[in-house]
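Chain and residue survey
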Amino acid sequence: MNLSPAAAKALAAYRKQVATLNGASPDAESFAVSPSVAQTLENRVREKDDFLRQIPAPKLRDQKVGEIVGLHLSGSIARRTAGKRRPNRATNTDGRQYACKSAFFDTAIPYADLDNWAKFPEFQAMMRSAVTSGIANDRQMIGFHGTHAAVESDPVANPMLQDMGRGWLQYMRDEAPENVMSGIRIGPGGRYQTLDEAVNDAKRTLIDKRFQKAADLRCLVDSDMMTGKYNALLRAASAVEKEAAVRLLENDGLANVKGLEPTNFPAHTLMISPLSNFSIYTFERGYHRSIRDEPDEGEGRVSDYINIVQDYVIEEPRACAVIENILLPDGTGKWINADGEIVP
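Residues numbered from 1 in each chain as written. Predicted model: local features only at pLDDT ≥ 70, side-chain atom pairs only at ≥ 80, totals over all residues. Heavy atoms only, no water.

1. Examining the sheet that holds strand S9 (residues 180-182)
Spatially, S9-S16-S12-S10-S11 is the arrangement adopted by the 5 strands of the open sheet, whose pairing is mixed. At either end of the open sheet lies a strand with only one pairing partner, and these are S9 and strand S11 (259-260). Direction of pairing for S9 relative to strand S16 (residues 321-324): parallel, over a ladder of 3 bridges. Residue pairing across strands places serine 182 opposite glutamate 324, the latter belonging to S16. (Pairing = 2+ DSSP bridges. Helix = DSSP H or I, 4+ residues; strand = E, 2+ residues; numbered from the N terminus.)

2. Digging into the pairing of strand S12 (residues 270-274)
Where burial is concerned, most of S12 is hidden: 5 out of the 5 residues are buried. Burial along S12 is two-sided: Leu270, Ile272 and Pro274 and Met271 and Ser273, pointing in opposite directions, are all buried. As paired elements, strand S10 (residues 217-221) and S12 share 5 bridges and run antiparallel to each other. If you follow leucine 217 over to S12, its bridge partner there is proline 274. In the sheet, S12 pairs with S16 via 3 bridges, with the strands oriented antiparallel. Among the inter-strand pairings, leucine 270 is bridged to a residue of S16, identified as isoleucine 323. (Buried < 20%, exposed > 50% of the residue type's maximum accessible area, 1.4 Å probe, protein only.)

3. Points about the pairing of strand S14 (residues 288-294)
With 3 bridges connecting them, strand S1 (residues 30-32) and S14 associate as antiparallel partners. When the sheet's bridge partners are listed, alanine 32 is paired in S14 with histidine 288. Hairpin geometry of S14 and strand S15 (residues 301-314) is characterised by an intervening segment of 6 residues between the two adjacent antiparallel strands and by a positive phi of about 60 degrees at glycine 298.

4. Some words on the packing of helix H2 (residues 35-47) against helix H5 (residues 123-145)
Close contact between H2 and H5 brings their axes to 8 Å; oriented N to C, the two are set at 70 degrees. Judged on the interaxial angle alone, H5 and H2 are roughly perpendicular. Regarding H2 and H5, the two cross each other, and that crossing is right-handed. Contact with H2, carried on its side by Leu41, Glu42, Arg44 and Val45, involves Arg128, Thr132, Ile135, Ala136 and Arg139 of H5 and no other residues of that element. Classifying every residue of the contact of H2 with H5 by side-chain character gives 4 nonpolar, 1 polar and 4 charged. (Axes fitted to C-alpha atoms, helices over the stretch in contact; angles between N-to-C directions. Parallel < 35°, antiparallel > 145°, perpendicular 65-115°, else oblique. Left-handed = near helix turned anticlockwise from the far one by under 90°. Contact = heavy atoms within 4.5 Å. Nonpolar A, V, L, I, M, F, W, Y, C, P; charged D, E, K, R; others polar.)

5. Notes on the packing of aromatic side chains
By the definition in use, this model includes 8 aromatic pairs. Between phenylalanine 51 and phenylalanine 144 the ring centres are 5.5 Å apart and the planes differ by 45 degrees, which places this aromatic pair in the tilted class. A residue pair is termed long-range when its members are at least 10 positions apart, and phenylalanine 51 in helix H3 (residues 50-53) and phenylalanine 144 in helix H5 qualify at 93 residues. A residue is classified by how much of its surface remains accessible, and phenylalanine 144, at 3% relative accessible area, is buried. Relative to phenylalanine 278, the ring of phenylalanine 51 lies with its centre 5.4 Å away and its plane at 75 degrees, an arrangement referred to as edge-to-face. Remark: phenylalanine 278 occurs in strand S13 (residues 278-283) and phenylalanine 51 occurs in helix H3; sequence separation between them is 227 residues. Residue phenylalanine 51 shares its accessibility class with phenylalanine 278, and that shared class is buried. By way of ring pairs, the aromatic residues Phe51, Phe144, Trp168, Phe265, Phe278 and Tyr312 are connected into one cluster. (Phe/Tyr/Trp six-rings, centres within 6.5 Å; stacked < 30°, edge-to-face > 60°.)

These figures come from the coordinates and say nothing about function on their own.
And the structure:
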């Protein structure tokens, strides 16, 4: 199968534009992504997701591995003394390290789609959107489900991208297990009667007092756990009603902590932390891209191969609390886990 003349022309213009922006030859198939274009790509990825848009994404110039940046204020700097003044570090890293690793965000676009898109003047925007939407979705999925970085990832065995790198939840399990609760029963007869009670206790007992009233403190929550008016609205058919539920969650929240319902957030999980505490590090010189025409693959396709060297970090673990593997009442006196299994 061959591309239509209109699609071939539009694709050639797109490839030329991308290569030229990166300082490469207009007909180059593979090239390193320039820092300014990498930042533009990052901005477009962040625009695709409300959660990613609100968290830090620092770029690292020189090292793939090193001590974390320390973006989150961890202590006070105000002092008085009659002697020599000794400045205090405002951030705390505890010697914790980051380790950026390659993640391949490769997008295949069938010839059939390109032929359809070529009819529109927004062809290049549609190409960009196909790529950035996929990166945004997978970025967040890795952040909430990633446990390790496998040499060869297996999307069949790990459909939530568990083997694409260590995400934020696994970071907390590894670096601050004392701030992670698991297997807690929430509901009548459980350890906590309501989600509000659970969130209030986790905030009060697990999060350092300095961060309990942070302006950007949020409770990340899975919508399936929401009860009462939230649950009814979130499951409603009307887009207006769903929007109202999101606004209620954001404004009223849980235990006076504003709520967020990120895409791909794990079921039966609560995560309480300032948004500024979630970081995705990227290595500035680690962006590489190749746009290839592959007529012999299937019915023909164009593949956009993008390599991003990245890592996920919780800047200040003492500002974060996690309750996972929550058990909820099933209405018959038993408890149900995230997989829908009944637990005695």
